[in-house]
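Architecture at a glance
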Amino acid sequence: EIAEGARFIGHTPAIDLEDKKIKKMFKPESAPVFRDFLEQFDALSEPSDETIERLIEETVRKHEVGFGKLGQPLRMLLSGKAGGLPIPQLVCILGFEESLKRLQKGVNLFES
């Protein structure tokens, strides 16, 4: 079970937009929220659990959306799962550069 849960560490998860539950996470109207987060995430000088959590909270508040509109796509892109570890912990496990790479690849999924 532990090995299965950690599979995301060694490879970038494939995102199947044919799955209706997954496609729902990447609705085009959520793209501005995701892009805003990604732009600020990329600019973090010292990413930490606290700064990442604060960035998520500020982005959600700014766009007046629920956490799921941002949190679920972030988790899916980082780990291949909608639930699980907190996003800051996923970033810590993967490292900032790998996390950024995975999130940047996800931008186009909002237009699919």
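Residues numbered from 1 in each chain as written. Predicted model: local features only at pLDDT ≥ 70, side-chain atom pairs only at ≥ 80, totals over all residues. Heavy atoms only, no water.

**Comments concerning the pattern of salt bridges**
In the structure shown here, the tally under the stated rule is three salt bridges. Across the salt bridge formed by Lys 62 and Asp 36, the nearest N and O atoms sit 3.1 Å from each other. Pair noted here: Lys 62 is in helix 5 (residues 49-63) and Asp 36 is in helix 4 (residues 31-42), with a separation of 26 residues, a long-range link. Taking the relative accessible area as the measure of exposure, Asp 36 reaches 12% and is therefore buried. Close ionic contact of Arg 102 with Glu 98 constitutes a salt bridge, the shortest N to O distance being 2.8 Å. Of this pair, Arg 102 and Glu 98 both sit in helix 8 (residues 96-106), four residues apart, which is roughly one turn of that helix. Judged by relative accessible area, which is 3%, Arg 102 ranks as buried. When salt bridges with common partners are traced through the structure, they connect Glu 98, Lys 101 and Arg 102 into a single cluster. (Salt bridge = Lys/Arg side-chain N within 4 Å of Asp/Glu carboxyl O. Helix = DSSP H or I, 4+ residues; strand = E, 2+ residues; numbered from the N terminus. Buried < 20%, exposed > 50% of the residue type's maximum accessible area, 1.4 Å probe, protein only.)

**A short note on the nonpolar core**
Counting 29 residues, the largest nonpolar core has Phe 26, Phe 34, Phe 41 and Leu 103 as the members making the most contacts within it. Mapped onto this core, the elements with two or more residues apiece are helix 3 (20-25), helix 4, helix 5, helix 6 (67-79), helix 7 (87-94) and helix 8. Top contributing element to this core by residue count: helix 4, with six residues. Those residues within four positions of Leu 103 in sequence are excluded, and the remaining contacts are Phe 34, Phe 37, Leu 38, Phe 41, Leu 74, Leu 77 and Leu 78. (Core = buried A, V, L, I, M, F, W, Y, C linked by side-chain atoms within 4.5 Å. Contact = heavy atoms within 4.5 Å.)

**Focus: helix 4**
The first and last C-alpha atoms of helix 4 sit 16 Å apart over 12 residues, in line with the 16 Å expected at 1.5 Å per residue. Listed as buried for helix 4 are Ala 31, Val 33, Phe 34, Asp 36, Phe 37, Leu 38 and Phe 41. As for helix 4, its buried residues are in contact with helix 5, helix 6, helix 7 and helix 8. (Expected span 1.5 Å × (residues − 1).)

**Quick look at a negative patch on the surface**
On the surface, a cluster of negative charge is contributed by Asp 49, Glu 50, Glu 53, Glu 57 and Glu 58. Turning to its location among the elements, Glu 58 is positioned in helix 5. (Patch = residues over 30% accessible without salt bridge, like charges linked within 9 Å, V, L, I, M, F, W, Y side chains within 5 Å. Areas by Shrake-Rupley, 256 points an atom, 1.4 Å probe, with all protein chains shown as cover. Lys, Arg positive; Asp, Glu negative; His and termini not counted. Charge placed at Lys NZ, Arg CZ, Asp CG, Glu CD.)

**A short note on the packing of aromatic side chains**
Pairs of aromatic rings are described using the distance from one ring centre to the other and the angle between the two planes. In the structure shown here, the tally under the stated rule is four aromatic pairs. Consider the rings of Phe 34 and Phe 110, whose centres lie 4.9 Å apart with planes at 35°: the pair is tilted. Linking Phe 34 in helix 4 with Phe 110 in the segment after helix 8, this pair joins segments that are 76 residues apart in sequence. Here Phe 34 and Phe 110 have matching classes, each one buried. Taken together, a centroid distance of 5.5 Å and an interplanar angle of 25° make the contact between Phe 37 and Phe 41 stacked. With Phe 37 and Phe 41 both in helix 4 and four residues apart, the pair spans about one turn of that helix. Judged on exposure class, the residue Phe 37 and its partner Phe 41 are both buried. (Phe/Tyr/Trp six-rings, centres within 6.5 Å; stacked < 30°, edge-to-face > 60°.)

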